[in-house]
Amino acid sequence: MNIALTIMIDGLTYASWLFIVALGLTLVFGVLKILNVAHGSFYALGAYAAASLVGWFASMQLAPELSLIAMLLAAVGVAVIVAPLCERGLLRIFYGRDEVLLVLVTYALFLILEDVTKIIWGVNPFYLSEPYALFGNVDIGKQSYVGYDFLLVIVAIVVGFIVWWGLNRTRIGKIVLAVIHSEEIAASMGVNVSRIYTLAFGTGIFLAALGGALTAPMISVQPGISVGVVILSFAVVIIGGLGSIPGAAIGALIVGIARSAAVHLMPVAELFSIYLVMAVVLMFRPEGLFQRSQARKI
Amino acid sequence: MTMTTSSSSSAAASQNAYFYPALLLGLGSIIALLLIGLVIPKWLLFLVTIAAANGLVSLGIVILMRSGVVSFGQGMVFALGGYAAALAYGKLGITDALVLSLGGGLVAVILSAPFAYLIARYRGIFFAMLSLSLSMVLYGILIKSESMGGSDGFNMGRPTLFGIRAADEWSSYLNYAVTITLSGLCTLATYIYFNSTRGLVSLAARDNEIRVEYLGSSVQELIATNYLLAAFMGGMGGALAVIALGHIEPNFSYWTTSGEFVFVSILAGHYSVIAVFIASTVLEIVRSFSSLYFPNTWQLVLGLFLLAVIRFLPRGIGSLWEKRVKKQQQGERA
Amino acid sequence: MTPSSSTNIAISARGIQKKFGAVVAAADINIDIPHGQKLSLIGSNGAGKTTFVNMITGYIKPDAGSILLHDEDITGLAPRVVSRKGIARSFQIPQLYKELSVLDNMLVAVASQQPPLSFWRPARNAVAVQRAEELLQRFDLSEHSARLVGELPGGVRKLLDIAMALTRYPKVLLLDEPTSGVSADEKFPMMETVMRALSQEAVTVLFVEHDMDIVERFADRVIAFYSGRIIADDKPDVALSTPDVQRYVTGTLR
C-alpha cells in the first residue's frame, strides 16, 4: 500500500514538470506542425537562466521566497529573447517545407543551442538547492516528501488550466484553435497566421523554459540536460497524440508513473519502460491516445 | 526542333556508358586507398576508419531516403552490430575481423527483421519516431545490462585476420584495410543497386507511391527490403567501429548518435554514394580537430553547416556533381 | 445464345452496390463488357462512373456484387493485385514521377511489369529501353524522352500517363477523363494518337469522358450513369439522344 502511494506521488511529481514541458512541444506541433528537437534546449536555457537569476537574487540578499519569482522571470526572459530569434530569424525561412526537413532544422538548432549555453554559462554545473528547501518536508504515512514537489504538481495543474482556458475561452485562443484545425481556412478568414505562429512558438518556448526553471533546483544544471528531456517529451507527445493538450497531460502521467513504478519495483527497466510504451503506442495506435493528426500511410 | 529517336537511346546509353567505368574506378579506388594507407600516419588511418565505418550506417540511411523515408534510429543497428561483435569476441572467442564485421551485419538484420514490414507502413515523422523509439528501447535495455557493462560498456581486444594477429604497429592498418574493403564493396554494391530495376522503382516510390502501386509493385515491400539493407550496413558499420575503437557502450544506440548519422546523410544527399563517405570524413575531421581547438563550439559549427546545407543545397553535396540533378535544378530555375 | 461463361467478356459486373453514407454511388449495376470494346462512361459528377472505375481497379470495395475479369473474380482485390491481373488505368491528373525523365518514367513501368524486381540488373538495360522507346514512339513522345516531367506541357503528360499504363500489356485499360485539361484543338489529335497506339494491341478500353464529341467519335458503346444507376447503354448516337441522358448528363433536353 505504502509503496503504491510512493509510486503515485513520485510519478505525479515527475509527470508535472514533464507535462509543462511537453505541453509546449505539443502546442508548437499543433500550430506550426513542427516537431521541435530543440525543445529540450529551451528547457536547458530556462534552467540556466533560473540558476543565474536565483543566484543574483541571493547575492542581493533578497528573500529566498522571491527565488520563485526569479524562476518565472527566467522563463519569461528566455521566451521573450530567444523565441522571436528562433522563429522569425530561422524557422520562418523553412516554413512550408517537408515535415521531416523541419525536424532536421530543429535538430540543427539543438546543436547550435547546446554550444550557445556552453559559451554563455561555461561547462561547470550549477546548483541552486535553496529553493528546493523552501517548502520543507511533508509527511504522508511513513514517507517524507519534499514540499517543493507538490508545488510542481500545483503549478502543472495551474498551467494546464490557464492554457485550456486561454485556448477555449479567449478570443485569441479560439483563433489559435482555428489555425490548429486548418491554417488555410483561418488565413482565408483574415487571420494573421504568422502572428499566431509567433505567439504559439513563444508560448511553447516559455513552457519549456518554465519546466527547466522549476526543475533546476532538483538537478545539477550542466551541459547535456537537454538531451534526455528531448526524448522524454517526444515520448509524452507521441503517447498522448501530437498536438493534443489532454494528450500531453495523460502522456505525462503515463510516463511519470511508468518510470516511477520501474524505479521502485524494477529499477532495471527504468528507461526501457518509457520508450517501450512509446514504441508500442506507435505500433498499435500511432496517432496517440487523443487523435489529432493523421498517422501512418497505409 | 524535333530530335530523332536515337537521342533517347543515347540518353540511356550515356547513363550506361559511365556505369561500368564507375565500377572499375570504384574498385581502383579501394585498391588505391589500401595502398595509400601504408604510408599515412596512424591518427589519419584511425580517422578514416571511423569515418568509413560511420559512413556505412549513413549509406543505409541514404538507401532509405531514396525510397522516401528517413530513419532517426539507425543507432539501433549500429549498437546491435557493435555489441554482437564485442560479445562474439569476448564470450565466443571469435577474433577474425571479417567474421565479426559480417556477423555484426547479420545479427542486426535478424534482430531488425521483425520490425521491417511494420515500420514500412509508416511515413514522415512517424517513421522517424518509430525508428527512434526502437533505438531508445535498445538503449534502455543496454544501459541497465550489468552483464554487458551497463552504462560504461566494455572493451574489446585486437582482432585477427585470416588467423594472424597483427603486430602492434600494424593493427591500425589492419582495421583500416578491413573497413575500407568492406565499406568500399558495400558502396559499389549500393551503386549497382541504385541503377537496378529495384533501385529505380524505389526511387519512383519516393516520388509517387500511388503510381508505383498501380503499376504492380508493393511499396511496403520495397521499403521493408531497404530497411533490412540499411540494417545490414548499419550493423556492419557498428562492428567495424567497435573493432577500431576497442570499446562499445550503450551510447551507440542513443538518439544523438542516430542524429549524427542522419546529419551525414542529409549533407551527402541521395544522388551519390561517394558523397556519403566524403560527408562522413568531413564530420570526423571537424569532430577530431574540434576537441583540440574548439571543444565548445564544434556542435555550433555543425548546426550552422546543417542549416546552410538544408537551405542552399537541399539535395546534398552529391548534387554538385551528378549531371542528372544539375539538369533538374536548371529545369526548376527555368 | 451467348454462353454466360464466355471468355469473350473482358469485364463482368454483377449486382454491384455501393453507398457512401446516404449517397448511393452504385445501385445494382450489371454490365458485361466484351473483349476489345471501346466503352465510354458518361454522367455528371457524382453520378457513379468514377466510383465504378475505382471498384474495378480495387481502390474501393463494393458493398455487394462481384466483378469478373475474363471470368476471374477480382472483387475487392488491392490495386496492386488487380494491376498484375491485367487491368491498367490512367489518371485524370496524371500520376507521374516528377523528378525523373520521361524515359525513366517508362522504365519504371517496364521494370514493374516483370517481377521480381532485381537488385542488380540495370534498369536501363537494352531490352527495357527498347520496350520503353517503342511505346514512346507509338505515342509520339520520343522527342521528350530525356526531358524531366516537370517541364512537360499538360497534353504530353496525359499521353505519358496512358503510355505507362499500356506498358503492362493490359487486357483492360481504364482511361479517367483522358482529354480533360487538354486544350480544345488538341483533344482530337490526342485521342487519335491514343487510339492509334492502342490499335496494335487487343485491349478493352473504358474511358470516362465529359466531352460528348470525343465520345461520339471514339466510343463503340456508351453507358450513362445517374445517381448510381445506368440510364442508357447503347451505341453513342442512340445513347446520346435518349431523353434521360439529355436531361441528366448533357443538359441538352429541349
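Below is a summary of the structure that appears in this document.

Counting its secondary structure elements, chain A contains eleven helices and two strands. Reading chain A from its N terminus to its C terminus gives the helix and strand order α-α-α-α-β-β-α-α-α-α-α-α-α. Relative to the compact-globule value of 19 Å for 298 residues, chain A shows a C-alpha radius of gyration of 19 Å, a close match. With respect to the three principal axes, the spread of C-alpha positions in chain A is 60 × 45 × 35 Å. A buried classification covers 55% of the 298 residues belonging to chain A. In chain A, the share of contacts with a sequence separation of at least 24, taken over all contacts with a separation of at least 6, comes to 76%. Within the structure as shown, chain A displays about 12300 Å² of accessible surface, and the carbon and sulfur contribution to it stands at 68%. Charged side chains of chain A number 15 positive and 14 negative; the gap between the two group centres comes to 11 Å.

It is worth spelling out the side chain of S217 of chain B at this point. On the secondary structure map, S217 of chain B appears in the loop between α9 (209-214) and α10 (219-245). Each residue touching S217 of chain B, except ones within four places of it in the same chain, is listed here: V201 and V212 of chain B together with R80, R84, S112 and L117 of chain C.

Here we come to a negative patch on the surface. Together, D213, E216, D234 and D237 of chain C line one region of the surface with negative charge. Exposure remark for D213 of chain C: the relative accessible area of 48% places this residue in the partly exposed category.

Residue and element names in this part refer to chain C. The four strands lie next to each other as β2-β1-β4-β5, forming an open sheet whose pairing is antiparallel. Edge positions in the open sheet fall to β2 (23-34) and β5 (72-73), since each of these has one partner strand only. Note that strand β1 (residues 9-20) and β2 share nine bridges and pair antiparallel. Each bridged residue has a counterpart across the sheet, and for I16 the counterpart in β2 is I29. Seen against the sheet, helix α1 (residues 49-57) touches β1, β2 and β4 (64-69) and runs at an angle of roughly 115° to β1.

The next thing to look at is the sheet that holds strand β3 (residues 38-42) of chain C. By way of backbone hydrogen bonds, the strands of a sheet pair with one another, either parallel or antiparallel. All names here are of chain C. One open sheet holds the six strands; their spatial order is β6-β7-β8-β3-β9-β10, and the pairing between them is mixed. Either end of the sheet is taken by a strand with one partner, and the two such strands are β6 (87-90) and β10 (229-234). Along the sheet, successive strands turn relative to each other by an average axial angle of 20°, direction set aside. In the sheet, strand β9 (residues 221-226) pairs with β10 via five bridges, with the strands oriented antiparallel. Counterpart to I223 in the pairing with β10 is D233. Each of β3, β7 (172-176) and β8 (204-208) touches helix α6 (residues 184-198); the most contacted strand, β8, lies at about 160° to it.

With that settled, consider the pattern of salt bridges. Where side chains of opposite charge bring their charged atoms close, a pairing between them can arise. Residues and elements named next belong to chain C. Using the criterion set out here, one finds 25 salt bridges over all chains in the structure. Between D176 and R89 there is a salt bridge whose closest N-O contact spans 3.0 Å. Highlighted residues: D176 in strand β7 and R89 in strand β6, separated in sequence by 87 residues. Residues D176 and R89 agree in their burial class; the two are buried. Two residues, R147 and E151, come together in a salt bridge whose shortest N-O distance is 3.5 Å. The partly exposed category is assigned to E151, whose relative accessible area is 34%.

Of the residues lining the interface, 45 residues belong to chain B; the matching set on chain A comes to 49 residues. Where chain B abuts chain A, roughly 4200 Å² becomes buried across the two surfaces, and 77% of that area is made up of carbon and sulfur atoms. Three residues stand out in chain B for area buried against chain A, namely I125, F126 and W255 of chain B, and they jointly supply 17% of the buried area on that side. If you look at where chain B meets chain A, you find one salt bridge. With a closest N to O distance of 3.4 Å, K144 of chain B and E270 of chain A form a salt bridge. At the surface where chain B touches chain A, the tally comes to ten residue pairs in polar contact (both at pLDDT 80 or more). Those elements that provide at least two residues to the side of chain B that touches chain A are α6 (124-143), α11 (255-268) and α13 (298-312) of chain B. Broken down by element, the side of chain B that touches chain A gets its largest block of residues, 14 residues, from α6 of chain B. In terms of residue class, the side of chain B that touches chain A is made up of 29 nonpolar, ten polar and six charged.

Calculation rules
Residues numbered from 1 in each chain as written. Chains lettered and ligands numbered in written order. Predicted model: local features only at pLDDT ≥ 70, side-chain atom pairs only at ≥ 80, totals over all residues. Heavy atoms only, no water. Helix = DSSP H or I, 4+ residues; strand = E, 2+ residues; numbered from the N terminus. Rg over C-alpha atoms; globule rule 2.2 N^0.38 Å. Buried < 20%, exposed > 50% of the residue type's maximum accessible area, 1.4 Å probe, protein only. Contact = heavy atoms within 4.5 Å. Areas by Shrake-Rupley, 256 points an atom, 1.4 Å probe, with all protein chains shown as cover. Lys, Arg positive; Asp, Glu negative; His and termini not counted. Charge placed at Lys NZ, Arg CZ, Asp CG, Glu CD. Patch = residues over 30% accessible without salt bridge, like charges linked within 9 Å, V, L, I, M, F, W, Y side chains within 5 Å. Salt bridge = Lys/Arg side-chain N within 4 Å of Asp/Glu carboxyl O. Pairing = 2+ DSSP bridges. Axes fitted to C-alpha atoms, helices over the stretch in contact; angles between N-to-C directions. Buried area = accessible area lost by both parts, 1.4 Å probe. Polar contact = N/O pair within 3.5 Å; in protein donor to acceptor, adjacent residues only side chain to side chain. Nonpolar A, V, L, I, M, F, W, Y, C, P; charged D, E, K, R; others polar.

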